[in-house]
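This is what each chain is made of:
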Amino acid sequence: MDPYISISELSFRRGERLIYDRLSVDFPRGKVTAIMGPSGTGKTTLLRLIGGQLKPDQGSVVVAGQRVNELSRRQLFELRREKMGMLFQTGALFTDLSVFDNVAFPLRTHTDLPETMIRDLVLMKLEAVGLRGARDLMPSELSGGMARRVALARSIAMDPELMLYDEPFTGLDPISMGMIVKLIRALSEALGLTSLLVSHDVEESCSIADYLCLVSDGRVIGFGPPDELLHEGNDEVRQFLRGDPDGPVPFHYPAADYRQELLSS
Amino acid sequence: MMVQRLGRRGVSAMQSMGRAAILFYRSLLWGGPGSAGWRDLLQQIHAVGVRSLSIIIVAGFFVGMVLGLQGYTILIDFGSEAALGTMVSLTLLRELGPVMTALLFAGRAGSALTAEIGLMKTTEQLSAMEMMGVDPLKRVITPRLWAGMIAVPILALLFSTVGIWGGAFVAVDLLGIDEGAYWGNMQASVEFYEDVVKGIVKSVVFGLVVTWIAVFQGYDSVPTSEGIGKATTQTVVVSSLAVLGLDFVLTAIMLGGV
Ligand SMILES: Nc1ncnc2c1ncn2[C@@H]1O[C@H](COP(=O)(O)OP(=O)(O)O)[C@@H](O)[C@H]1O
Ligand SMILES: [Mg+2]
């Protein structure tokens, strides 16, 4: 496996809580990997560590051969500009700019292209997500699914090598969700992207991911192609993928003995 | 327990001052007024200026009228009501213009700036910018800091001008002071450097400080609606106190003959 992202011995804490304890994991180049796990385990945190928005307390994050956590501010911005795109959970469109200007933003900021060429590029990206006709709308006029597609067009505007998706399916109606699923797969293949996708929708993730990476309690509890994990993973992995309410992850939050508690009151 | 809490508060205040200093350093010392494009700078000046324009004009007129009334009752006892124009204009140019403008600006434009930037943070727009390789400090913060520094002195001059008219309205039209005396004595005694320039210097400093506090509070806010609410209140409180405190310091320095 040829890793595009390589994380080794990474530790990260928030206050008292150790979110990652010496985590080591590689993400393969040119594939879609879905990072899955319960809410609050630190999936978004992992994306931010990869994007250099957070610094690990220990260990290293290597993206495209560069140690993200040791880059200067300027080098970090350059790496992001040239290699990375990220789709945020809320879309994060600039509310004071139209759809067209949102997608044009990175191009106008980072290149000296003439306005006619920017126009062509923007329309191309918007066409790819099926929203060329919505170019003059403002973000407040878009539905949740449309906003996320515009954000997707914006994040691929600079032709990144790596796409990070933070919960791209959450809060969408079934049709919009289907569109996003299809787009992520299609874009990854057409552009040869390395994609990391944070999600807890098992079905959608399995349908587009080449690999699943299951995270729980700051550890990777399973990594591999979806089929393999479903059939050969350990109990914890299978519980998560099948959505069993009880198993190695207990249904009950740790508590005093039930009988005793009832009797003592 | 008490001491511990006090200590923790002190430490967190120091830490946020440190973060404010870093923000200042990265956005202002590294970025000139045109770092996000001149059009953007103009837009920001327009935004903060227009937001505060009506309140500045109305407040300036009222304050000038009050000064006219109060000044008249004081000066008439000494038989020197002809000096009313001088008194009104000096009070406005040296003190009330810069200070009142900064306070009004903090309440109107400052709180709006905090809310705007806090909202950009909450909706991950700032993070999105970072991930596109665009530094939000240069792109969002720098032009707003410059805009505040440019807009506040202009607004302060406007405040003083309107105030002087307000004073004239009370003095000449209502109290019947001689029009020539009001304007003539004013022109004879107001000095361009001593009074006008020093007032402008003050309001440049106030504009910078208020805007700095406002953008920092937004940038540093807890990204929830509750956090934004708290940050806007904090902006008004902190920047008002900062303006009044700084006014004393600046006045002392200027009267000391710097
Ligand atoms: N800015 C923050 N400050 C303090 N704690 C945070 C912050 N962001 C996230 N956390 C905490 O870190 C943990 C992991 O968060 P996150 O990465 O967002 O989880 P996930 O995306 O897997 O749901 C959570 O317990 C969360 O409460
Ligand atoms: Mg998350």
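See the structure shown above.
Within chain A, the secondary structure is distributed over 10 helices and 10 strands. The C-alpha atoms of chain A give 20 Å as radius of gyration, which agrees with the globular expectation for 265 residues (18 Å, within 12%). Projected onto its principal axes, the C-alpha positions of chain A cover 75 × 40 × 40 Å. Taken over 265 residues, chain A has a buried fraction of 48%. A sequence separation of at least 24 residues applies to 61% of the contacts in chain A between residues at least 6 apart. For chain A, the accessible surface area stands at approximately 13100 Å², while carbon and sulfur atoms represent 49% of it. With 29 positive and 37 negative side-chain charges, chain A shows a separation of 5 Å between the mean positions of the two kinds.

We now examine the interface of chain A and chain B. Contacts between the two partners involve 22 residues from chain A, matched on the other side by 15 residues from chain B. For the pair chain A and chain B, the summed buried area comes to about 1700 Å², and 58% of that belongs to carbon and sulfur atoms. Of all residues in chain A, A:Arg73, A:Phe77 and A:Phe105 bury the most surface against chain B, accounting for 30% of the area lost on that side. Summed over the shared surface of chain A and chain B, the result is 2 salt bridges. If you look at where chain A meets chain B, you find 8 residue pairs in polar contact (both at pLDDT 80 or more). Listed by contribution, the elements that provide at least two residues to the side of chain A that touches chain B are helix H2 (73-83), strand S6 (84-87) and helix H3 (99-110) of chain A. For the side of chain A that touches chain B, the class distribution of residues is 10 nonpolar, 7 polar and 5 charged.

Moving on to the site of ligand 1. Residue and element names in this part refer to chain A. With respect to spatial proximity, the complete set of residues near ligand 1 consists of Arg14, Arg17, Ile19, Ser39, Gly40, Thr41, Gly42, Lys43, Thr44 and Thr45. Take Arg14: an N or O atom from its side chain is 3.4 Å from a nitrogen atom of ligand 1. Calculation on ligand 1 without its partners gives an accessible area of 560 Å², and the protein chains cover 56% of this total. Those elements that provide at least two residues to the shell around ligand 1 are strand S2 (17-28) and helix H1 (43-50). The greatest single-element share of the shell around ligand 1, amounting to 3 residues, is contributed by H1. Taken together, the residues of the shell around ligand 1 sort by class into 1 nonpolar, 6 polar and 3 charged.

Residue and element names in this part refer to chain A. On inspection of all chains with the given rule, the structure shows 6 aromatic pairs over all chains. The interplanar angle of 45° and the centroid separation of 6.3 Å between the aromatic rings of Phe27 and Phe223 together place this pair among those described as tilted. Pair noted here: Phe27 is in strand S2 and Phe223 is in strand S10 (residues 219-224), with a separation of 196 residues, a long-range link. Overall, the relative accessible area of 29% leaves Phe223 in the partly exposed class. Three or more aromatic residues joined by ring pairs make a cluster, and in this case those are Phe27, Tyr211 and Phe223. Over the ring of Phe77 we find Arg80; its NZ or CZ atom is 5.1 Å from the centre of that ring. Positioned over the ring face of Phe94 is Arg154, at 4.5 Å from the centre of the ring.

The subject of this paragraph is the pairing of strand S4 (residues 58-63) of chain A. Every other side chain in a regular strand lies on the same face of the sheet, so the side chains alternate between the two faces. All names here are of chain A. Judged from the 5 bridges that link them, strand S1 (residues 3-14) and S4 form a sheet pairing that is antiparallel. Along S4, the bridge assignment pairs Ser8 with Ser60. Both S4 and strand S5 (residues 66-67) contribute to a ladder of 2 bridges, which runs antiparallel. Counted as the bridge partner of Val63 is Gln66 from S5. Between S4 and S5, which pair antiparallel and follow one another directly, the connecting turn spans 2 residues, one of which, Ala64, has a positive phi of 50°.

Membership of the largest hydrophobic core comes to 90 residues, with the highest contact counts inside it found for A:Ile5, A:Ile7, A:Phe27, A:Ile50, A:Val63 and B:Tyr182. Residue contributions to this core peak at 14 residues, all from helix H5 (residues 136-174) of chain B. Contact partners of A:Phe27, with chain neighbours within four places excluded, come to A:Pro3, A:Tyr4, A:Ile5, A:Ile7, A:Thr33, A:Ile35, A:Leu46, A:Ile50, A:Leu196, A:Cys213 and A:Phe223. Ranked by size, the runner-up nonpolar core spans 45 residues in total, among them A:Val32, A:Met36, A:Leu87 and A:Ala134.

All names here are of chain A. Pairing is mixed across the open sheet formed by 6 strands, whose spatial order is S6-S7-S8-S3-S9-S10. Edge positions in the open sheet fall to S6 and S10, since each of these has one partner strand only. Neighbour-to-neighbour, the strand axes of this sheet turn through a mean angle of 15°, independent of strand direction. Here strand S9 (residues 211-216) runs beside S10; their pairing, made up of 5 bridges, is antiparallel. The partner of Cys213 across the bridge, within S10, is Phe223. Against the sheet, helix H5 (residues 144-155) engages S6 and strand S7 (162-166), with an angle of about 175° to S6. Across the sheet, helix H9 (residues 235-242) touches strand S3 (32-36), S9 and S10, and the angle it forms with S9 is around 105°.

Let's shift gears to a nonpolar patch on the surface. Residue and element names in this part refer to chain B. There is a patch of nonpolar side chains on the surface, built from Phe61, Trp165, Phe169 and Leu174 and spanning about 410 Å² of accessible area. By residue number, the principal contributor to the nonpolar patch is H5, which donates 3 residues. On the secondary structure map, Phe61 appears in helix H2 (residues 38-75). For Phe61, a relative accessible area of 30% gives the class partly exposed.

The backbone of A:Glu167 sits at a positive phi, close to 45°, despite the residue not being glycine. Classification of A:Glu167 as buried rests on a relative accessible area of 9%. Residues other than glycine seldom take positive phi values, yet B:Glu124 does so here, at roughly 65°.

Right, let's talk about the pattern of salt bridges for a bit. All names here are of chain A. Applying the stated rule across the entire model yields 16 salt bridges over all chains. Across the pair Arg108 and Asp101 runs a salt bridge whose closest N-O atoms are separated by 3.0 Å. The exposure class assigned to Arg108 is partly exposed, which follows from its relative accessible area of 35%. The class of Asp101 is partly exposed, set by a relative accessible area of 25%. Ionic pairing is found between Asp210 and Arg185, a salt bridge with its closest N-O pair at 3.6 Å. Of the two residues, Asp210 is situated in the loop between helix H7 (202-208) and S9 and Arg185 in helix H6 (residues 174-191); the sequence distance between them amounts to 25 residues. On the accessibility criterion, Asp210 (24% relative accessible area) is partly exposed. Accessibility expressed as a relative area gives 22% for Arg185, which makes it partly exposed. One network of salt bridges, with partners in common, ties together Asp101, Arg108 and Glu115.

Rules and cut-offs
- Residues numbered from 1 in each chain as written.
- Chains lettered and ligands numbered in written order.
- Predicted model: local features only at pLDDT ≥ 70, side-chain atom pairs only at ≥ 80, totals over all residues.
- Heavy atoms only, no water.
- Helix = DSSP H or I, 4+ residues; strand = E, 2+ residues; numbered from the N terminus.
- Rg over C-alpha atoms; globule rule 2.2 N^0.38 Å.
- Buried < 20%, exposed > 50% of the residue type's maximum accessible area, 1.4 Å probe, protein only.
- Contact = heavy atoms within 4.5 Å.
- Areas by Shrake-Rupley, 256 points an atom, 1.4 Å probe, with all protein chains shown as cover.
- Lys, Arg positive; Asp, Glu negative; His and termini not counted.
- Charge placed at Lys NZ, Arg CZ, Asp CG, Glu CD.
- Buried area = accessible area lost by both parts, 1.4 Å probe.
- Salt bridge = Lys/Arg side-chain N within 4 Å of Asp/Glu carboxyl O.
- Polar contact = N/O pair within 3.5 Å; in protein donor to acceptor, adjacent residues only side chain to side chain.
- Nonpolar A, V, L, I, M, F, W, Y, C, P; charged D, E, K, R; others polar.
- Near = heavy atom within 4 Å.
- Phe/Tyr/Trp six-rings, centres within 6.5 Å; stacked < 30°, edge-to-face > 60°.
- Lys NZ or Arg CZ within 6 Å of the ring centre and 35° of its normal.
- Pairing = 2+ DSSP bridges.
- Core = buried A, V, L, I, M, F, W, Y, C linked by side-chain atoms within 4.5 Å.
- Axes fitted to C-alpha atoms, helices over the stretch in contact; angles between N-to-C directions.
- Patch = residues over 30% accessible without salt bridge, like charges linked within 9 Å, V, L, I, M, F, W, Y side chains within 5 Å.

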